[in-house]
Amino acid sequence: MDRNHVVLVDKNDQQIGQMDKLAAHKEGLLHRAFSIFIFNSSGELLLQQRALDKYHGGGLWTNTCCSHPQVGEDVLDSAQERLFFEMGITCELSFSFAFIYHAKVENNLIEHEYDHVFIGCIDTDPILNPAEAADFKWCSVDQILTDISAHPTRYTYWFKAALPQVIQRLKQASI
């Protein structure tokens, strides 16, 4: 699955071009992305440890799956395809929200993404693609928040930015 390009967007998520993924991260240009949060029926979140040789974030813990849709791809379709590619999971995903973040990461790269966040539920363990994910674990949100507080450098920036918003929306949905 070729994910070597990104869709450049404006602050309203309107496409303004495309670019090589690494070049966009070097220049810090705003581009479209998605993040997937998969929970089980016990409310635990499926975390992915990124493969150690990723160009950034290698070995860090993050949400279940994340990537970049390509030009002409529907974001939800791309998210479902990537979830299966990385984690061997097929499940219904629901759009939750989108947000923009900007962060300097290692290797002099900049994450500047218009991130579409999807949520799903499944009670089976993933089948990892080792080129994408080194490990996985199911954790309660409280366990994750405690560990992020104690060890923030173990987690990706975008996961730490999105998680509070995911928690807030899940609480609102259950009211």
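Structure report, in brief. Everything numeric in this text was worked out from a predicted model, so none of it was measured.

Concerning the packing of aromatic side chains
- Applying the stated criterion to the full structure yields 6 aromatic pairs.
- Note on Tyr101 and Tyr157: the rings are 5.7 Å apart at their centroids and 40 degrees apart in plane angle, and the pair reads as tilted. Taken together, the positions of Tyr101 in strand β7 (residues 93-105) and Tyr157 in helix α4 (residues 157-173) put the pair 56 residues apart, joining distant regions of the chain.
- The exposure class of Tyr101 is buried, given its relative accessible area of 4%.

Re the nonpolar core
- One finds Phe37, Leu45, Leu47, Ile144, Phe159 and Leu163 to be the most contacted residues of the largest nonpolar core, which totals 22 residues.
- When contributions to this core are tallied by element, the ones reaching two or more residues are β3 (31-39), β4 (45-50), β7, β8 (109-121), α3 (141-150) and α4.
- In terms of residues, this core owes the most to one element, α4, which gives 6 residues.
- Residues contacting Ile144, with those up to four places away along its chain left out, are Leu45, Leu47, Cys139, Phe159 and Leu163.

Examining the pattern of salt bridges
- As enumerated under the stated definition, the model contains 5 salt bridges in all.
- The shortest N-O distance in the salt bridge between Arg82 and Glu86 comes to 2.8 Å. Of this pair, Arg82 and Glu86 both sit in helix α2 (residues 75-87), separated by 4 residues, roughly a single helical turn.
- Classification of Glu86 by relative accessible area gives buried; the value is 2%.
- Arg82 is the partner of Glu132 in a salt bridge, and the nearest nitrogen-oxygen pair spans 2.9 Å. Remark: Arg82 occurs in helix α2 and Glu132 occurs in the loop between β8 and β9 (133-139); sequence separation between them is 50 residues. An identical accessibility class is assigned to Glu132 and Arg82; each is buried.
- Residues participating in the shared-partner salt-bridge network are Lys54, Arg82, Glu86 and Glu132.

Scoring rules and cut-offs
- Residue indices begin from 1 for each chain and proceed along its sequence in written order.
- With the structure being a predicted model, the display of local features is reserved for residues of pLDDT at least 70 and the display and counting of side-chain atom pairs for 80 or more, all residues being used for whole-chain, interface and lining totals.
- Side-chain calculation: all heavy atoms of the structure are included, whereas hydrogens and water are not.
- Stacked, edge-to-face and tilted are the three classes for Phe, Tyr and Trp ring pairs, Trp counted by its six-membered ring, which pair at centre distances within 6.5 Å; planes under 30 degrees apart are stacked, over 60 edge-to-face, the rest tilted.
- Numbering of helices and strands runs from the N terminus; a helix is a DSSP stretch of H or I covering at least four residues, while a strand is a stretch of E covering at least two.
- Partly exposed residues are those whose accessible area sits between 20% and 50% of the maximum for their type, while under 20% is buried and over 50% is exposed, using a 1.4 Å probe and protein chains only.
- What we call a nonpolar core is a set of buried Ala, Val, Leu, Ile, Met, Phe, Trp, Tyr and Cys residues that are connected through their side-chain atoms within 4.5 Å.
- It only takes one pair of heavy atoms within 4.5 Å for two residues to be counted as in contact.
- By convention in these notes, a salt bridge is any Lys or Arg side-chain nitrogen within 4 Å of a carboxyl oxygen on Asp or Glu.

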